[in-house]
Amino acid sequence: MLLLVAACGLQPMYVGGGDGAVAAGLSGVTVPPIAGEAGWMMRDALLERLGTGADAGAAYRLDVRLDDSLEGLGLLSDDTIGRERRTLRARYRLVDTQTGEVLVEATSGADAGIDVVSSEFATVAAERTALQNLTREVADRIVTTLALNLRNRQQ
């Protein structure tokens, strides 16, 4: 079985665990502040996933621009909105801090549906929870893309 897996070209992403090349590359990424509430949530989620410590001496810089939108859907008979869709899109670039070369330039995003209820507090809480969940989901996608790119560059 192991011979079949090895023959098909599959290989683990994080060879060497926390000391491997991909993990070391990800921990060398600095994330500058990102504007807005969604921005600080995104930066926090990215730093947590990257395992990044201090920004000094980072090999890479991840520049992120966010587009967070909330759209009303499902108009009810009393002309109120019954459903909303929150969309979070991130445009990002991974830049080599030594050369200024752009290594990755991509977009990632996700969206979530929100029920609008009679309690304004509950609706606002649902909108915020949706933003938190979307931030984590988009951060996961960004880090996966970066890890794949760093692994491919090291091969």
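Residues numbered from 1 in each chain as written. Predicted model: local features only at pLDDT ≥ 70, side-chain atom pairs only at ≥ 80, totals over all residues. Heavy atoms only, no water.

Before going further, it helps to examine the overall build of the protein chain. For the protein chain, the count of helices and strands is 4 helices and 4 strands. Looking at the protein chain residue by residue over its 155 residues, the buried ones come to 34%. Carbon and sulfur atoms make up 52% of the accessible area of the protein chain, which amounts to about 9,100 Å² in all. (Helix = DSSP H or I, 4+ residues; strand = E, 2+ residues; numbered from the N terminus. Buried < 20%, exposed > 50% of the residue type's maximum accessible area, 1.4 Å probe, protein only. Areas by Shrake-Rupley, 256 points an atom, 1.4 Å probe, with all protein chains shown as cover.)

Picture the strands of a sheet paired through backbone hydrogen bonds; they go either parallel or antiparallel. The mixed open sheet is built from 4 strands, whose spatial order is β1-β2-β3-β4. This sheet does not close on itself; its edge strands, each paired only once, are β1 (29-30) and β4 (102-115). With 2 bridges joining them, β1 and strand β2 (residues 60-75) adopt parallel strand pairing. The residue bridging Thr30 from the neighbouring strand is Arg61, located in β2. Lying over the sheet, helix α3 (residues 36-50) contacts β1, β2 and β3 (81-96), oriented at roughly 130 degrees with respect to β2. (Pairing = 2+ DSSP bridges. Contact = heavy atoms within 4.5 Å. Axes fitted to C-alpha atoms, helices over the stretch in contact; angles between N-to-C directions.)

The subject of this paragraph is the side chain of Thr135. Checked against the element boundaries, Thr135 lands in helix α4 (residues 120-154). Beyond its immediate chain neighbours, meaning those up to four positions away, Thr135 contacts Met41, Met42, Ala45 and Leu88.

This paragraph deals with the nonpolar core. In terms of nonpolar packing, the biggest core is built from 29 residues, with Met42, Leu46, Leu62, Leu94, Ile142 and Leu146 touching the most fellow members. Elements that contribute at least two residues to this core include exactly α3, β2, β3, β4 and α4. With 9 residues, α4 is the single largest residue contributor to this core. Contacts of Leu94, omitting those with residues within four sequence positions, involve Val29, Tyr60, Arg61, Leu62, Glu101, Val102, Leu103, Val104, Leu146 and Leu150. (Core = buried A, V, L, I, M, F, W, Y, C linked by side-chain atoms within 4.5 Å.)

In this model, the protein chain carries a mean pLDDT of 83, and residues with pLDDT of at least 70 account for 81%. Here residues 10-18 scores under 50 on pLDDT; set against residues more than four positions off or in separate chains, the count is 16 contacts. (pLDDT = per-residue confidence, 0-100.)

Enumeration over the complete set of coordinates arrives at 8 salt bridges. Note that Asp63 and Arg93 form a salt bridge whose closest N and O atoms lie 3.8 Å from each other. Here the residue Asp63 occupies a position in strand β2, and Arg93 occupies one in strand β3, the gap between them amounting to 30 residues. Relative accessible area serves as the criterion here: at 22%, Asp63 is assigned to the partly exposed category. A cluster of three or more residues bridged by salt bridges with shared partners is formed by Arg61, Asp63 and Arg93. (Salt bridge = Lys/Arg side-chain N within 4 Å of Asp/Glu carboxyl O.)

Moving on, we come to the side chain of Ser108. Position of Ser108 relative to the elements: it lies in strand β4. Discounting residues that sit within four places of it in the chain, Ser108 has contacts with Leu88, Arg89, Ala90, Tyr92, Val138, Arg141 and Ile142.

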